[in-house]
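This is what each chain is made of:
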Amino acid sequence: MSVSCPVQKKCGGCDFADIPYEEQLAKKQTEMEALLGRFGKVEPILGMEDPYHYRGKVHRVLGFQKGKILSGCYEAGSHRLVNIPECLIEDRKCQEIAAGAVKLIGDFKLRVYDEDTGYGLMRHILVRRGFATDEIMLVLVLSERMFPGKNNFVKALREIHPEITTIVQNVNPGHTSMVLGPQSTTLFGPGFIRDAIGDLTFRISPSSFFQVNPVQTEVLYRTAMDFAGLTGKETVLDAYCGTGTIGMAAAAKAKSVVGVELNPEAVADARRNAADNHIANISFLAEDAGQYMERQAASRILYGRPEEERFDRNEAGKLVTARKGACDVLFMDPPRTGATEKFIRSAAKLSPRRIVYISCGPDTLARDLSLFVKLKYRVEKIQPVDMFPETRHVETVVLLSRKAD
Ligand code: SAH
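Trainee: Whenever I open this one, the overall build of the chain confuses me. Can you help?
Mentor: A tally of regular secondary structure across the chain gives ten helices and 18 strands. The C-alpha atoms of the chain give 23 Å as radius of gyration, which agrees with the globular expectation for 405 residues (22 Å, within 12%). Seen through its C-alpha atoms, the chain measures out along the principal axes to roughly 70 × 50 × 35 Å. Taking all 405 residues of the chain together, 55% fall into the buried category. Taking the intrachain contacts of the chain between residues at least 6 apart in sequence as the baseline, contacts between residues at least 24 apart amount to 65%. For the chain, the accessible area works out to roughly 18600 Å², and carbon and sulfur atoms hold 52% of it. The positive charge centre, built from 54 side chains, and the negative charge centre, built from 51, are 3 Å apart in the chain.

Below is the structure:
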């Protein structure tokens with residue numbers, strides 16, 4: 001069965017929405033086999049039981065047309081706002097709250113921001129829900145700090161939607177396509193929500209990266225952990241670690257974990273997440289992953305076999321050991337653009353026994369795997385996971401193992 005979406009073509013988010021789900025999966029499977037089949041068997045894609053309303057995050061751009069407030073997204077490839085009355089993949093509760101906030105903006109006669117002139121106040125609405133905790137955050141993005149009737153607005157919103165656990169005002173004065181500006185003020189509640197993956201909890205602030213499909217994230221991480229085959233003795237590297245979710249899931253089954261991530265805010269979140277979950281054998285570094293790998297590979301060559309013990313203090317203040325230049329298992333989860341050649345060549349020099357590559361970009365994955373197989377690695381398993389039903393995107397977990405020296 002396929003479900004129709006009235007704005008599918010204009011919104012451009014769900015290219016596959018008019019195709020029955022089983023067919024969508026078959027299409028993705030064929031595509032992955034064409035791209036990755038030369039590296040080995042592509043396991044059947046892991047789909048969702050209920051492929052609708054899985055997104056725990058709703059974003060609406062606000063606009064104005066013929067005396068009415070529009071709330072939706074920009075038409076694909078243009079700057080025309082498309083009103084979204086209802087979305088197939090977003091969580092229903094988040095949509096309801098976004099619609100409630102839009103109605104209140106009208107009732108309070110707050111002026112909606114005009115992209116062209118730069119006048120007006122209300123720019124975006126963001127709603128995020130922690131599926132495991134049922135905590136809900138509403139972020140109102142305004143063009144300036146002054147928010148007339150702020151307290152009454154918050155009071156009215158909480159009366160209509162008492163399930164909201166925190167409300168944040170973000171100020172974005174810039175002429176920019178970024179949704180959030182640099183400054184956030186909490187208007188109600190703690191200013192963040194929590195969600196859980198397995199038995200770990202994570203703090204999600206307005207700008208935190210967090211996987212938007214919690215059901216399939218569990219499937220993805222289970223696959224990645226299964227591929228890693230950790231026994232408790234390994235030194236693990238989580239490259240492109242975001243808020244540290246994969247490394248933290250690995251920490252209980254490893255000796256020590258280092259997470260590397262370019263975005264310092266994500267690293268701050270990762271550190272706090274590790275402390276909140278009382279994980280002592282993990283530390284994080286804000287650095288370009290390629291640069292980090294290059295340094296580690298150099299120190300491995302300098303020190304020979306990675307026997308050197310180096311002592312580090314992690315964020316919880318405990319001493320953890322990290323052998324210089326040592327890495328038994330590498331998790332890598334780069335953005336759609338994939339890893340760099342520098343990263344891959346250094347990773348091969350560092351010589352982990354296993355590499356678990358999690359990819360949201362099949363083309364760059366194929367490119368990167370070609371280099372890995374030239375450099376003493378063998379592709380052992382390829383497992384696509386349907387993280388984004390109704391869209392053309394596919395996530396893939398690949399296990400690589402080091403060939404015998
Ligand atoms: N592993 C995480 C996040 C993956 S998203 C999770 O599952 O939640 C990819 C991450 O790579 C983003 O957080 C992005 O900030 C980070 N990133 C992008 N380029 C990078 C680079 N050159 N070095 C390190 N991290 C990078």
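So that's the structure; there's more coming.
Trainee: I would appreciate a short explanation of the site of the ligand in the present structure.
Mentor: In the neighbourhood of the ligand, 15 residues make up the surrounding shell, with Tyr221, Glu261, Asp288, Ala289 and Asp333 lying closest. The side chain of Tyr221 places a nitrogen or oxygen atom 2.8 Å from an oxygen atom of the ligand. Separating a nitrogen atom of the ligand from a backbone N or O atom of Leu262 is a distance of 3.1 Å. In isolation the ligand has 580 Å² of accessible area, and contact with the protein removes 83% of it. For the shell around the ligand, the class distribution of residues is eight nonpolar, three polar and four charged.

Trainee: Would you explain the sheet that holds strand S15 (residues 329-332) in this entry?
Mentor: Strand-to-strand pairing in sheets goes through backbone hydrogen bonds, with the strands running parallel or antiparallel. Within the open sheet, the seven strands sit side by side as S12-S11-S10-S15-S16-S18-S17. Their pairing is mixed. Here the strands that pair on one side only, and so sit at the sheet edges, are strand S12 (282-286) and strand S17 (377-385). The sheet shows a mean angle of 15 degrees between the axes of neighbouring strands, direction not considered. Direction of pairing for strand S10 (residues 235-239) relative to S15: parallel, over a ladder of four bridges. Bridging from a neighbouring strand, Asp238 pairs with Phe331 of S15. Helix H9 (residues 341-350) contacts S10, S15 and S17 of the sheet and is inclined by roughly 165 degrees relative to S15.

Trainee: Would you take a moment to explain the pattern of salt bridges for this structure?
Mentor: Any two side chains of opposite charge can pair if their charged atoms end up close together. Applying the stated rule across the entire model yields 20 salt bridges. The shortest N-O distance in the salt bridge between Glu380 and Arg378 comes to 3.4 Å. Its relative accessible area of 40% is what places Glu380 among the partly exposed residues. Where salt bridges share partners, they join Asp91, Arg129 and Asp134 into one cluster.

Trainee: Could you clarify how one ought to interpret the packing of H9 against helix H10 (residues 362-374) in this entry?
Mentor: The geometry of a pair of packed helices is captured by two quantities: the angle between their axes and the separation between those axes. Running from N to C, H9 and H10 cross one another at 35 degrees; their axes reach a closest spacing of 10 Å. The two elements H9 and H10 cross, and the hand of that crossing is right-handed. Where H9 approaches H10, its residues Glu341, Ile344, Arg345 and Ala347 are matched on the opposing element by Asp368, Leu371 and Phe372. Within the contact of H9 with H10, the residues separate by chemical class into four nonpolar, no polar and three charged.

Trainee: Hey, could you run me through the environment of Ala252 in this one?
Mentor: Examined against the element boundaries, Ala252 turns out to sit in the loop between helix H6 (245-251) and strand S11 (256-261). Judged by relative accessible area, which is 73%, Ala252 ranks as exposed. Considering only alpha carbons, one finds Ala252 and Ala280, 28 residues apart in sequence, at a separation of 9.6 Å.

Trainee: Where do I start with the pairing of strand S8 (residues 193-197) in this structure?
Mentor: Regular strands place side chains that alternate from one sheet face to the opposite one. Buried residues dominate S8, accounting for four of its five residues. When S8 meets strand S9 (residues 200-204), the two strands line up antiparallel, connected through five bridges. Note that in S9 the partner of Arg194 across the bridge is Arg203. In sequence, S8 turns back onto S9 through a hairpin of two residues, with Gly198 there showing a positive phi of about 60 degrees.

Trainee: What am I meant to see in the packing of helix H2 (residues 21-36) against H10 here?
Mentor: In the contact formed by H2 and H10, the axes pass within 10 Å of each other and the chain directions differ by 25 degrees. Relative to H10, H2 is oriented roughly parallel. Relative to H10, H2 is oriented so that their crossing is right-handed. Every residue of H10 that contacts H2 at Met32, Leu35 and Leu36 is listed here: Pro362, Asp363, Leu365, Ala366 and Leu369.

Trainee: How do you make sense of helix H5 (residues 214-228) when you look at a structure like this?
Mentor: Quick reminder: α-helices carry 3.6 residues per turn. Residues three or four places apart thus point the same way. Under the 1.5 Å per step criterion, the end-to-end length of H5 is 21 Å for 15 residues, consistent within 8% with the ideal 21 Å. Counted residue by residue, H5 has eleven buried out of 15 residues, so it is predominantly covered. Taken together, the buried positions of H5 are occupied by Pro214, Gln216, Thr217, Val219, Leu220, Tyr221, Thr223, Ala224, Met225, Phe227 and Ala228. Once H5 finishes, Gly229 follows within two positions and takes phi at roughly 55 degrees, a positive value.

Trainee: In this structure, what is going on with the nonpolar core? I would like to understand it.
Mentor: Buried together is how nonpolar side chains tend to be arranged in soluble globular proteins. In terms of nonpolar packing, the biggest core is built from 94 residues, with Leu36, Leu330, Phe331, Met332, Phe343, Val356 and Phe372 touching the most fellow members. When residues in this core are grouped by element, the largest group, seven residues, is from H5. Not counting the four nearest positions on each side in its chain, Phe372 is found in contact with Met332, Ile344, Ala347, Ile355, Tyr357, Tyr377 and Leu400. Grouped together as the second largest cluster of nonpolar side chains are 26 residues, Val58, Leu121, Leu140 and Ala156 included.

Trainee: How should the side chain of Asn213 be read in this particular structure?
Mentor: Topologically, Asn213 is positioned in the loop between S9 and H5. Residue Asn213 is classed as buried on the basis of its relative accessible area, which comes to 0%. In this structure the side chain of Asn213 is engaged in a polar contact, spanning 3.2 Å, whose partner is the backbone nitrogen of Gln216. Non-local contacts of Asn213, meaning those with residues more than four positions away in its chain, are made with Met48, Tyr54, Asp386, Met387 and Pro389.

Procedures and definitions
- Residues numbered from 1 in each chain as written.
- Predicted model: local features only at pLDDT ≥ 70, side-chain atom pairs only at ≥ 80, totals over all residues.
- Heavy atoms only, no water.
- Helix = DSSP H or I, 4+ residues; strand = E, 2+ residues; numbered from the N terminus.
- Rg over C-alpha atoms; globule rule 2.2 N^0.38 Å.
- Buried < 20%, exposed > 50% of the residue type's maximum accessible area, 1.4 Å probe, protein only.
- Contact = heavy atoms within 4.5 Å.
- Areas by Shrake-Rupley, 256 points an atom, 1.4 Å probe, with all protein chains shown as cover.
- Lys, Arg positive; Asp, Glu negative; His and termini not counted.
- Charge placed at Lys NZ, Arg CZ, Asp CG, Glu CD.
- Near = heavy atom within 4 Å.
- Polar contact = N/O pair within 3.5 Å; in protein donor to acceptor, adjacent residues only side chain to side chain.
- Nonpolar A, V, L, I, M, F, W, Y, C, P; charged D, E, K, R; others polar.
- Pairing = 2+ DSSP bridges.
- Axes fitted to C-alpha atoms, helices over the stretch in contact; angles between N-to-C directions.
- Salt bridge = Lys/Arg side-chain N within 4 Å of Asp/Glu carboxyl O.
- Left-handed = near helix turned anticlockwise from the far one by under 90°.
- Parallel < 35°, antiparallel > 145°, perpendicular 65-115°, else oblique.
- Expected span 1.5 Å × (residues − 1).
- Core = buried A, V, L, I, M, F, W, Y, C linked by side-chain atoms within 4.5 Å.

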